[in-house]
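Residue strings, one per chain:
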2 protein chains.
Amino acid sequence: MHYPLTPDCTGGVCPVETTLNLISGKWKGIILYRLLSGKKRFGELKKIIPAITFRTLTLQLRQMEQDGIVERTVYAEVPPRVEYALTDLGKSMKPIIQSMCDWGTNYQKRVDQTGNPASN
Amino acid sequence: MHYPLTPDCTGGVCPVETTLNLISGKWKGIILYRLLSGKKRFGELKKIIPAITFRTLTLQLRQMEQDGIVERTVYAEVPPRVEYALTDLGKSMKPIIQSMCDWGTNYQKRVDQTGNPASN
DNA sequence: CCGAATCCATGATGATACTG
DNA sequence: CAGTATCATCATGGATTCGG
């Protein structure tokens, strides 16, 4: 079911703000997207998101872990292995990522075909 | 139509990144959400998004204008009036905001009822 | 008055070197 | 391999000032 986008939610906390508070980091959407296809090791994530730095990847993953979106598993091996997976809460965000994927795909198509992103 | 979330888009540019590049600012999602119900004056936006500062609201709106998401109209009046409205491209992002609104609403319900955001 | 520009403070993110 | 430490840069917050 869809909840009304309008009239604006002025009574309580805005649900869009609630969502953005959890995923508005510069990279959290991408991390979420990449983990939707299954758990990944730290190095794997870094490899498929080359533009992020080690430091920021670590920080964003830790925040997502604190927010209950990501689960972190450390294996006592040599060399060390750390795997990140989405929790059920994280997986429940799939529709958000899906809509971003759809929009971005259409946007890229328009830019490729017409040279500008006009939506008509 | 939905585009595949997996296998990961490794060949070209990631559509999720494309989308996030346009709306990953800390407040752009909220601004987009608030403008979905119709054009707003600068002061109106500030009033319904109290936590944002004048400076940041200005900057984010200008970026969204450059990206073709928002249209800015200045009226030569006293006192001055500046209105912001979504372009067609901006309106086409409605499904993204809708999915965030849905998710945030469900999240708030679970927190209100159970005290924690577990997704079951 | 309203919208915005300016100046400075703080927080988030980037780059590089280094460690258990 | 998976980080941590340190410093640099960029994004955002706060207060004040300005033009119309």
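Residues numbered from 1 in each chain as written. Chains lettered and ligands numbered in written order. Predicted model: local features only at pLDDT ≥ 70, side-chain atom pairs only at ≥ 80, totals over all residues. Heavy atoms only, no water.

An unreviewed UniProt entry lists chain A under the name Transcriptional regulator, HxlR family, from Ethanoligenens harbinense.

### Re the relation of the copies chain A and chain B
Superposition of the two copies of the chain requires a rotation about an axis and a shift along the axis. When chain A is brought onto chain B, the operation consists of a screw motion whose angular component is 180° and whose axial shift is 0.0 Å, with 0.1 Å RMSD remaining. Look at the turn and shift together and you get a two-fold axis relating the two. The share of interface residues of chain A whose copies in chain B are also at the interface is 100%, consistent with both copies meeting through the same surface. (Least-squares fit on C-alpha atoms with pLDDT ≥ 70 in both. Contact = heavy atoms within 4.5 Å.)

### Observations concerning the sheet that holds strand β1 (residues 40–41) of chain A
Residue and element names in this part refer to chain A. Taken together, 3 strands build an open sheet; the order of strands is β1-β3-β2 and the sheet is antiparallel. The strands lining the two open edges of the sheet, one partner per strand, are β1 and β2 (70–75). Strand direction decides the pairing type here: β2 and strand β3 (residues 81–86), joined by 6 bridges, are antiparallel. Of the residues in β3, the one forming a bridge with V74 is V82. Relative to β3, helix α2 (residues 28–35) is tilted by about 95°, and along the sheet it contacts β1, β2 and β3. Against the sheet, helix α4 (residues 54–66) contacts β2 and β3, and its axis sits at roughly 115° relative to β2. (Pairing = 2+ DSSP bridges. Helix = DSSP H or I, 4+ residues; strand = E, 2+ residues; numbered from the N terminus. Axes fitted to C-alpha atoms, helices over the stretch in contact; angles between N-to-C directions.)

### What to know about the interface of chain A and chain B
Taken residue by residue, the interface counts 50 residues in chain A and 50 residues in chain B. Taking both sides of the interface into account, the surface hidden between chain A and chain B amounts to around 4,800 Å²; carbon and sulfur atoms contribute 65%. The tally of links from chain A across to chain B stands at 0 salt bridges. Linking chain A to chain B there are 11 residue pairs in polar contact (both at pLDDT 80 or more). For the side of chain A that touches chain B, the elements supplying multiple residues, two or more each, are α1 (15–23), α2, α5 (88–91) and α6 (94–114) of chain A. Of all the elements, α6 of chain A adds the most residues to the side of chain A that touches chain B, at 17 residues. (Buried area = accessible area lost by both parts, 1.4 Å probe. Salt bridge = Lys/Arg side-chain N within 4 Å of Asp/Glu carboxyl O. Polar contact = N/O pair within 3.5 Å; in protein donor to acceptor, adjacent residues only side chain to side chain.)

### Looking at the protein's contact with DNA strand C
Around DNA strand C lies a shell of 17 residues, among which R55 and T56 of chain A together with G43, R62 and R72 of chain B are the nearest. Take the atoms of DNA strand C that sit within 4 Å of the protein: sugar and phosphate atoms are 68% of them. T56 of chain A places a side-chain nitrogen or oxygen 2.9 Å from a phosphate oxygen of DNA strand C. Between a phosphate oxygen of DNA strand C and a main-chain N or O atom of G43 of chain B, the distance comes to 2.9 Å. Of all the elements in the fold, those that place two or more residues in the surface near DNA strand C are α4 of chain A together with α3 (42–48), α4 (54–66) and β3 (81–86) of chain B. Sorting elements by how many residues they give to the surface near DNA strand C places α4 of chain A first, with 3 residues. Partitioned by chemical class, the residues of the surface near DNA strand C number 6 nonpolar, 5 polar and 6 charged. (Near = heavy atom within 4 Å. Nonpolar A, V, L, I, M, F, W, Y, C, P; charged D, E, K, R; others polar.)

### What about helix α6 (residues 94–114) of chain B?
An ideal rise of 1.5 Å per residue puts 30 Å on 21 residues; α6 of chain B measures up with 30 Å between its terminal C-alpha atoms. Two residues or fewer after α6 of chain B comes G115 of chain B, characterised by a positive phi angle close to 85°. (Expected span 1.5 Å × (residues − 1).)

### Some thoughts on the protein's contact with DNA strand D
In the neighbourhood of DNA strand D, 20 residues make up the surrounding shell, with R41, G43, R72 and Y84 of chain A together with T56 of chain B lying closest. For DNA strand D, the fraction of atoms within 4 Å of the protein that belong to sugar or phosphate moieties is 74%. At 2.6 Å, a side-chain N or O of T56 of chain B approaches a phosphate oxygen of DNA strand D. Mapped by element, the contributors of at least two residues to the surface near DNA strand D are α3 (42–48), α4 and β3 of chain A together with α4 of chain B.

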